[in-house]
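Topology and contacts: notes
The primary structure of each chain is shown beneath.
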Amino acid sequence: MSKPIRIVRHASQQGSAVPAQVAHDQLQRPLRDLRISITDKCNFRCTYCMPREVFGPDYPFLSHGELLSFEEITRVAAICTQLGLRKIRLTGGEPLLRKDIEVLIEMLAALRTPQGEPIEIALTTNATLLKQKAQSLKDAGLERVTVSLDALEDQRFQHMSDSKIGVARVLAGIEKAHEVGLRPVKVNMVVRKGLNDDQIVPMAEYFRGRDHILRFIEYMDVGNTNGWNMKEVVTGAEILERIAAHYPLEPVSSNYRGEVASRYRYTDGQGEIGLITSVSQPFCGDCTRLRLSPEGKFFLCLFGGQGYDVRTHLRSAANDAEIAQFIRQMWGQRDVRYSELRGQGIVDEQGPKVEMSYIGG
Ligand code: SAM
Ligand code: SF4
Ligand code: SF4
């Protein structure tokens, strides 16, 4: 259990300027990415993320007043830029449900690193509202989108997402995003054995030769509500084998340290795919991601049970330097590597974990 972190006001911290210095954790991982979940609500009920039996009409979703405001989110992000932040991803719940998200994107797009570089801003969405919003998101300063799509066949898709929305709407969102310059669009497919693994090859077939990058995600044991079972995981190696039986693939080196997907390209030049093997081949050693919940709790791992409340500090008299110190200390004691330890069989999979729909992917 980590030590609680308190803001202590030292005479030397009275000014609010945050000294620029990259924060490192116990495993020497720098703080590079911030994933900001801006709502815990969603118009889908994906069975692996928000099972309807749990997230029903009586579920206590956060009220508007509990959410961090755009100003609060931007303040946190600005402080993090002094600690090494280079990339922000907006997520949820469904981030496009948050009213005026374009305003937030504009505010975040104005941030700069200590060297004067812009921060890369991306978004993960189920794309149901993407066709109508793609242009305004791009105009606000968004650079890229990742779209979740688990099947090409309507029936399968509706079963996975537990919704009545058709695949055509998601595909239209993808095309629009591409058209306005939010590219390359990455498409994430979570594979759950027996539910949608028959869609692996059709999905590969559909996205081959288009300019989008399809990535397959191993079904993960996030949260405590989806009843995860190892038997339902189709490993990256198996996915690769199934696609390569139709379309030969070869590995490509990663774009940068910490890239979560292993990349493969079709040998006939029809593009590439990615495999996110969080279960079979964890990548905690390069995990530089800090996560912020909609109500202002930091999580140091997707599988974290403990959140670190920053909202209280944002709504107190604490200045930026003090909040930076809080974040630095929290990151400095980070030693989490859940997936690696799960692989070694030394974590409690049933222990308390934050829900994916609350903290984002
Ligand atoms: N609603 C948006 C969406 O679906 O793209 C953003 C939030 S969603 C929680 C982010 C990503 O997490 C999605 O790509 C989703 O497929 C993935 N995800 C959710 N639960 C998962 C699980 N149990 N295993 C693997 N990926 C999961
Ligand atoms: Fe909603 Fe995304 Fe979770 Fe599906 S994966 S229920 S779209 S938050
Ligand atoms: Fe990062 Fe935690 Fe995932 Fe490991 S399990 S890669 S530490 S989020």
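Please refer to the structure higher up on the page.
The present account deals with the structure reproduced in this document. If you're wondering where the values come from, they're calculated on a predicted model, not measured in any experiment.

Conventions adopted
- Residues numbered from 1 in each chain as written.
- Chains lettered and ligands numbered in written order.
- Predicted model: local features only at pLDDT ≥ 70, side-chain atom pairs only at ≥ 80, totals over all residues.
- Heavy atoms only, no water.
- Near = heavy atom within 4 Å.
- Nonpolar A, V, L, I, M, F, W, Y, C, P; charged D, E, K, R; others polar.
- Helix = DSSP H or I, 4+ residues; strand = E, 2+ residues; numbered from the N terminus.
- Pairing = 2+ DSSP bridges.
- Contact = heavy atoms within 4.5 Å.
- Axes fitted to C-alpha atoms, helices over the stretch in contact; angles between N-to-C directions.
- Buried < 20%, exposed > 50% of the residue type's maximum accessible area, 1.4 Å probe, protein only.
- Polar contact = N/O pair within 3.5 Å; in protein donor to acceptor, adjacent residues only side chain to side chain.
- Expected span 1.5 Å × (residues − 1).
- Core = buried A, V, L, I, M, F, W, Y, C linked by side-chain atoms within 4.5 Å.
- Parallel < 35°, antiparallel > 145°, perpendicular 65-115°, else oblique.
- Left-handed = near helix turned anticlockwise from the far one by under 90°.

Here we take up the site of ligand 2. Lining the immediate environment of ligand 2, one finds Cys 42, Phe 44, Cys 46, Cys 49, Met 50, Gly 93 and Asn 126. Of the residues belonging to the shell around ligand 2, the class tally is five nonpolar, two polar and no charged.

Taken together, the neighbourhood of ligand 3 is formed by Phe 283, Cys 284, Cys 287, Arg 289, Arg 291, Cys 301, Leu 302, Phe 303, Val 336, Arg 337, Tyr 338 and Ser 339. Mapped by element, the contributors of at least two residues to the shell around ligand 3 are strand S10 (289–292) and helix H10 (338–343). Among the residues forming the shell around ligand 3, the class breakdown is eight nonpolar, one polar and three charged.

With that settled, the discussion passes to the sheet that holds strand S1 (residues 33–37). The strand order across the open sheet built from twelve strands is S7-S8-S9-S6-S5-S4-S3-S2-S1-S10-S11-S12, with neighbouring strands paired in mixed fashion. Unpaired on one side and paired on the other, strand S7 (249–252) and strand S12 (308–309) mark the two borders of the sheet. Bridge count for strand S2 (residues 87–91) against strand S3 (residues 120–125) is four bridges, and the pairing is parallel. Its bridge partner lying in S3, Lys 87 is registered against Glu 120. Strands S2 and S3 of the sheet are contacted by helix H2 (residues 101–109), whose axis makes an angle of about 170 degrees with S2.

A few words on the side chain of Asp 221. Along the chain, Asp 221 falls in the loop between strand S6 (213–218) and helix H7 (236–244). For Asp 221, a relative accessible area of 2% corresponds to the buried category. A polar atom in the side chain of Asp 221 sits 2.7 Å from the side chain of Arg 342.

A few words now on helix H5 (residues 167–180). Over its 14 residues, H5 extends 20 Å from the first C-alpha to the last, a length consistent with the 20 Å expected when each residue adds 1.5 Å. What H5 keeps buried is the set Val 167, Val 170, Leu 171, Gly 173, Ile 174, Ala 177, His 178 and Val 180. On its buried side, H5 packs onto helix H3 (130–140), strand S4 (144–148), helix H4 (154–161), strand S5 (186–191) and helix H6 (200–207). Count one or two residues on from H5 and you reach Gly 181, which has phi positive near 105 degrees.

Okay, the nonpolar core next. Counting 111 residues, the largest nonpolar core has Ile 88, Leu 90, Phe 216, Leu 290, Phe 298 and Ile 327 as its most contacted members. The contacts of Phe 298, once residues within four sequence positions are left out, are Leu 34, Val 76, Leu 290, Arg 291, Leu 292, Gln 306, Gly 307, Tyr 308, Val 310, Phe 326, Ile 327 and Met 330.

Taken N-terminus to C-terminus, the directions of helix H1 (residues 70–81) and H2 make an angle of 25 degrees; their axes are 10 Å apart at the nearest point. Relative to H2, the element H1 is oriented roughly parallel. Judged by the twist between their axes, the crossing of H1 over H2 is right-handed. Contacts between H1 and H2 involve Phe 70, Glu 71, Ile 73, Thr 74 and Ala 77 from the first element and Ile 101, Val 103, Leu 104, Met 107 and Leu 108 from the second. Taken together, the residues that form the contact of H1 with H2 break down as eight nonpolar, one polar and one charged.

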